[in-house]
Amino acid sequence: IGASTHPGKFGFVALHNILSAGFEGNVFATNPKTPEILGVQTLGSVSEIPFNMIDTAMICLGPEQTIRILPELADKGVKAAFVVSGGFRESGEKGAELERELVETANALGIAVAGPNGQGFISTPTKLCCQIVSPYPPAGCISIASQSGNILSAFLNLSRAQNIGIARAISIGNQAQLSIEDYIKYFRDDPKTNVIVAYVEGLPNGRRFFEVLQEVAKEKPVVIVRGGSTSEGAKAASSHTGSMASDQKIFETAISQAGAILAHDPIEAFE
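None of the values given here were measured: they were computed from a predicted structure.

### Overview of the side chain of R226
On the secondary structure map, R226 appears in strand β11 (residues 222-226). Buried within the structure, R226 lacks any salt-bridge partner; E252 is the closest side chain of opposite charge, at an N-O distance of 7.1 Å. Side-chain polar atoms of R226 contact the side chain of Q248, separated by 2.5 Å.

Next up, the structure:
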């Protein structure tokens, strides 16, 4: 949603990556001026998309437009959306209000929203590269949920360089509606995932995170990488995805008690 003819814009790169990875499902793209982009004839609006032909939307619009488009997507049978744009909680008080409105609207419509302020996701079993960055890894059994899009890209580049395969990977951004725990639980139940990796900057609900980790680590190995572990890092995490990091010693102890594995940086996690 919001496909672009400009190669430098998210709405172009996302469509390019979806097409280039070989996804075999239906692909529609919207642009009010209806140009042909990468061989796809764009539609002027969501209303022109046939009913029940799509289940997921990659939204490359500004915050207010994103909120307004959700009811139209729900009318077309969409059950999930990834919101790329920033300008939500990480940008201040007005952005935080927009983020609350986004979640309230999505909840009312029954749409699961990933992000906002994220880079996208990949799923190698379905040949889907739905992201605004380019690394697409070989197929494998490791799945990653990362609060940083750049850290996720680093993992995907390492995967490509060393030919160690990935099943699913997602940049969770501000985790406005879906939190890191939701992805960890999903990976536990995913038959294509044998190992779970999570990059965490801040936790909205530390107790729930601990309990989910404890539950999931009994069934599959869970590797946790922590960002914002120093006071300077905590400040960076707050400005990055609007997350507040907590005391590092408490975090380390909780990970150990839950039975997960704490890695000190992405390289160690990858190894």
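### Remarks on the packing of helix α5 (residues 180-189) against helix α6 (residues 206-216)
Here α5 crosses α6 at 10 degrees, and the two axes come no closer than 9 Å. Put simply, α5 runs roughly parallel to α6. Counting all contacts with α5, which are made through I180, E181, D182, I184, K185 and R188, the residues of α6 involved are R208, F209, V212, L213, E215 and V216.

### Some remarks on the nonpolar core
Grouped together as the largest cluster of nonpolar side chains are 34 residues, with contacts concentrated most on I184, F209, L213 and I224. Within the residue set of this core, elements represented by two or more residues are α1 (10-20), β7 (128-131), α5, β10 (195-200), α6, β11 and α8 (248-258). With near-sequence residues (within four places) excluded, L213 lies in contact with I184, V222, I224, I255, A258 and A260. I67, L98, L102 and V113 belong to the second-largest nonpolar core, a separate cluster that totals 21 residues.

### Quick word on the pairing of strand β9 (residues 166-171)
In terms of residue burial, β9 counts as a mostly covered element, since six of its six residues are buried. One ladder, built from three bridges, connects strand β6 (residues 120-123) with β9; its direction is antiparallel. Note that in β9 the partner of S123 across the bridge is R168. Pairing of strand β8 (residues 139-146) with β9 involves five bridges; the strand directions are parallel.

### Some words on helix α2 (residues 63-75)
Bending of α2 peaks at approximately 30 degrees at the position of I69, with proline P71 no more than four residues after it. Buried within α2 we find P63, T66, I67, I69, L70 and L73. Buried-residue contacts for α2 involve β3 (56-59), β4 (80-83) and α3 (93-109). With its phi angle positive at about 95 degrees, G77 sits one or two positions after the end of α2.

### Looking at the sheet that holds β3
With respect to topology, three strands assemble into an open sheet ordered β3-β4-β5, the strand pairing being parallel. Each having just a single partner strand, β3 and β5 (112-114) make up the two edges of the open sheet. Here the average twist between neighbouring strands, direction ignored, is 20 degrees.

### Looking at the sheet that holds β9
Read from one edge of the open sheet, seven strands run β7-β6-β9-β8-β10-β11-β12, paired in mixed fashion. Two strands lie at the open edges of the sheet, namely β7 and β12 (261-263), each paired on one side alone. Ignoring strand direction, the axes of neighbouring strands in this sheet form an average angle of 20 degrees. In terms of strand pairing, β8 meets β10 through five bridges, oriented parallel. If you follow A145 over to β10, its bridge partner there is A198. Lying over the sheet, α6 contacts β10 and β11, oriented at roughly 150 degrees with respect to β11.

### So, α1
Residues of α1 that are buried include every one of G11, F12, A14, L15, N17 and I18, and no others. On its buried side, α1 packs onto β1 (36-37), β3 and β7. G22 sits one or two positions beyond α1 and adopts a positive phi of about 90 degrees.

### Let's talk about the packing of aromatic side chains
For the structure on display, the rule yields three aromatic pairs. Ring centres 6.1 Å apart and planes at 35 degrees place the aromatic pair F82 and F121 in the tilted group. Of this pair, F82 sits in strand β4 while F121 sits in strand β6, placing them 39 residues apart in sequence. Look at F209 and F251: their rings are 6.3 Å apart centre to centre, the planes differ by 20 degrees, and that puts the pair in the stacked class. Taken together, the residues span a long stretch of sequence, with F209 in helix α6 and F251 in helix α8 at a distance of 42 residues. Sitting over the face of the ring of F251, R226 holds its NZ or CZ atom 4.4 Å from the ring centroid.

Calculation criteria
- Residues numbered from 1 in each chain as written.
- Predicted model: local features only at pLDDT ≥ 70, side-chain atom pairs only at ≥ 80, totals over all residues.
- Heavy atoms only, no water.
- Helix = DSSP H or I, 4+ residues; strand = E, 2+ residues; numbered from the N terminus.
- Buried < 20%, exposed > 50% of the residue type's maximum accessible area, 1.4 Å probe, protein only.
- Lys, Arg positive; Asp, Glu negative; His and termini not counted.
- Salt bridge = Lys/Arg side-chain N within 4 Å of Asp/Glu carboxyl O.
- Polar contact = N/O pair within 3.5 Å; in protein donor to acceptor, adjacent residues only side chain to side chain.
- Axes fitted to C-alpha atoms, helices over the stretch in contact; angles between N-to-C directions.
- Parallel < 35°, antiparallel > 145°, perpendicular 65-115°, else oblique.
- Contact = heavy atoms within 4.5 Å.
- Core = buried A, V, L, I, M, F, W, Y, C linked by side-chain atoms within 4.5 Å.
- Pairing = 2+ DSSP bridges.
- Bend = angle between axes of the 7 residues up to and from the residue.
- Phe/Tyr/Trp six-rings, centres within 6.5 Å; stacked < 30°, edge-to-face > 60°.
- Lys NZ or Arg CZ within 6 Å of the ring centre and 35° of its normal.

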